[in-house]
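# Structural features, examined
Here is what each chain is made of, one letter per residue.
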Amino acid sequence: MNNSSVHAPNSYLRHLGSSIGALLLNIAMLAFSITCIFPIVWIMYSSLKTKDEFMLDIMSLPGSLNFDNYYTAFVEGEMHVYFANSIFNSVVTVLIVIFLSFCVGYALSRYQFRGRNVIYTLFLAGMMIPVYSLLVPLFIQFKTLNLTDKMGTLILPYVAIRLPLAIFLFESFVRTIPRELDEAAYIDGAHTFFTMWRIIFPLCKPVTSTVLILAFLDTWNEFPFALVLITQRSLRTLPVGLTDFYGQFTAEYTTLMAALVLSMLPVMIVYLAFRKQIIQGMTAGAVKG
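In this report, we go over the structure that sits alongside the text. (Residues numbered from 1 in each chain as written. Predicted model: local features only at pLDDT ≥ 70, side-chain atom pairs only at ≥ 80, totals over all residues. Heavy atoms only, no water.)

## Here we look at the overall build of the chain
Here is the rule we go by: Numbering of helices and strands runs from the N terminus, with a helix taken as a DSSP run of H or I at least four residues long and a strand as a DSSP run of E at least two residues long. Contacts between residues were defined by any pair of non-hydrogen atoms, one from each residue, lying within 4.5 Å. Computed with the Shrake-Rupley method and a 1.4 Å probe, the accessible areas treat only the protein chains shown as cover for residues.
If you tally the helices and strands in the chain, you get 14 helices and 0 strands. Order of helices (α) and strands (β) in the chain, N terminus to C terminus: α-α-α-α-α-α-α-α-α-α-α-α-α-α. Across the chain, the fraction of contacts at a sequence separation of at least 24, relative to all contacts at a separation of at least 6, is 75%. Per element, the accessible surface of the chain, about 17,000 Å² overall, is 70% carbon and sulfur.

Following this line, the structure appears as structure tokens:
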């Protein structure tokens, strides 16, 4: 008997087994994806239902598109105030984090000086500290210095918390850029500031996008510090403002759904705008030169 005829059924069975395994894996991943996506879809179409429709059947589609919930949430629920506060805190935090982390990352990657390793280690240690373990001592310090309930109160801890990871990513990425670029710029008469921002920084677009997304998402969704350090209603951020839509015994669920959709929109826009760079930036930032 020909050996090829003996091995043919075995090869077919192995191929069939791998195909079935791949099919089962794809089905499992599809089911997992649906469980992740469906809550978002449910919130979106539930925000268009009336209160009576929602109470009768929470899973059914709305009979007609009702945008009154968005008006109630944005105007009567003062979402526009919370929205503006969150935008201010997030944008200012992101800009400061990118500026400081790039400057520090560039200095740590390009210069060798006494205490350089100690400084770098301290920044790395900042990534390991449980953030919310600092909540109580930070509140005491801010209360003593009369820094609570100010327009820029939340920016100080937000920047400090997000700097260590951002510095690590920038330092790792800049280290992979050849030093010959700096030397060529120096020979041409460019000063350090010009070299940093006009030559090196444009090459850091992937890691800059990663830092931007991570810092924006963390700041936009942050709740405990915003709850503890801010008590004035006019300075509240979106995560804290969302608590206004439910009380101890009642909750305006459809209005809350509309408020949640409004709070998700900036995050989705930022992520979709930089989705191609985030994986590239995280991969590049994890590689040491």
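## So, the packing of aromatic side chains
The line we're drawing: Here a Phe, Tyr or Trp ring, Trp counted by its six-membered ring, pairs with any other such ring whose centre lies within 6.5 Å, and the pair is stacked when the planes are under 30 degrees apart, edge-to-face when over 60, and tilted otherwise. Note on classification: 1.4 Å probe, protein chains only; a residue is buried when its accessible area is under 20% of the maximum for its type, exposed when over 50%, partly exposed between these limits. The criterion for a charge sitting over a ring is simple: Lys NZ or Arg CZ within 6 Å of the ring centre, and within 35 degrees of the ring normal.
Enumeration according to the criterion identifies 15 aromatic pairs in this entry. Look at F102 and F201: their rings are 5.0 Å apart centre to centre, the planes differ by 70°, and that puts the pair in the edge-to-face class. Residue F102 is located in helix α4 (residues 79–110), and its partner F201 is located in helix α9 (residues 192–203); the two are separated by 99 residues in the primary sequence. For F102, a relative accessible area of 0% puts it in the buried group. With a centroid separation of 6.3 Å and an interplanar angle of 50°, the aromatic rings of F193 and W197 are classed as tilted. Highlighted residues: F193 and W197, both in helix α9, separated by 4 residues, approximately one helical turn. Taking relative accessible area as the criterion, F193 reaches 54% and is therefore assigned exposed. Put simply, the rings of F99, F102, Y106, Y111, F170, F193, W197 and F201 pair up and form one aromatic cluster. Directly above the ring of Y120 sits R116, whose terminal nitrogen or CZ lies 5.1 Å from the centroid.

## What about the side chain of S101?
Note the cut-off: Between N or O atoms, a polar contact is any pair within 3.5 Å; within protein, one atom must be a potential hydrogen donor and the other a potential acceptor, and residues adjacent in sequence are included only when both atoms are from side chains.
With respect to the element layout, S101 can be found in helix α4. At 2.4 Å, the side chain of S101 forms a polar contact with the backbone oxygen of V97. Among all residues touching S101, those that are not within four sequence positions of it are L163, A166, I167 and F170.

## Quick notes on the packing of helix α10 (residues 205–221) against helix α13 (residues 253–273)
The criterion, for reference: Geometry is summarised by axes, namely lines fitted to C-alpha atoms with helices restricted to the contacting stretch, and by angles between N-to-C directions that run from 0 to 180 degrees. By the definition adopted for this analysis, an angle is roughly parallel if under 35 degrees, roughly antiparallel if over 145, roughly perpendicular if from 65 to 115, and oblique otherwise. In this count, Pro and Cys sit with the nonpolar residues alongside Ala, Val, Leu, Ile, Met, Phe, Trp and Tyr, while Asp, Glu, Lys and Arg are called charged and the others, Gly among them, polar.
Where α10 contacts α13, the two axes come as close as 10 Å, and the packing angle between them is 175°. Considering the angle they form, α10 stands roughly antiparallel to α13. In this structure, α10 uses L212, I213, F216, L217, W220 and N221 to contact α13, whose residues at the interface are S263, P266, V267 and V270. Across the contact of α10 with α13, the residue classes break down as 8 nonpolar, 2 polar and no charged.

## Concerning a nonpolar patch on the surface
Inclusion rule: Candidate patch residues must exceed 30% relative accessible area and have no salt bridge, after which like charges are joined if within 9 Å and Val, Leu, Ile, Met, Phe, Trp or Tyr side chains if within 5 Å. Should a side-chain nitrogen of Lys or Arg be within 4 Å of a carboxyl oxygen of Asp or Glu, the pair is scored as a salt bridge.
There is a patch of nonpolar side chains on the surface, built from L30, I34, I37, F38, V41, I58 and M59 and spanning about 630 Å² of accessible area. Along the chain, L30 turns up in helix α1 (residues 3–46). By relative accessible area, which is 53% here, L30 ends up exposed.

## Looking at helix α3 (residues 68–76)
For the record, the criterion: By definition, the arc is the one covered by directions from the helix axis to the C-beta atoms.
Of the residues making up α3, those classed as buried are N69, Y70 and A73. For α3, the buried positions fall inside an angular range of 100° around the axis, keeping them on one side. The exposed set on the far side of α3, more than 90 degrees from its buried face, consists of D68, Y71 and E76. Note on α3: the residue one or two positions beyond its end, E78, has a positive phi of about 60°.

## Quick notes on the pattern of salt bridges
For the structure shown, the criterion picks out 4 salt bridges. With a closest N to O distance of 3.1 Å, R110 and D182 form a salt bridge. Here R110 is found in helix α4, whereas its partner D182 is found in helix α8 (residues 180–187), with 72 residues between them in sequence. Accessibility assignment for this pair places R110 and D182 in one class, buried. The residue E171 makes a salt bridge to R116 at a minimum N-O spacing of 3.1 Å. In this pair, E171 sits in helix α7 (residues 155–175) while R116 sits in helix α5 (residues 116–126), placing the two residues 55 residues apart along the sequence. Per residue, the accessibility class of E171 equals that of R116, and both read buried.

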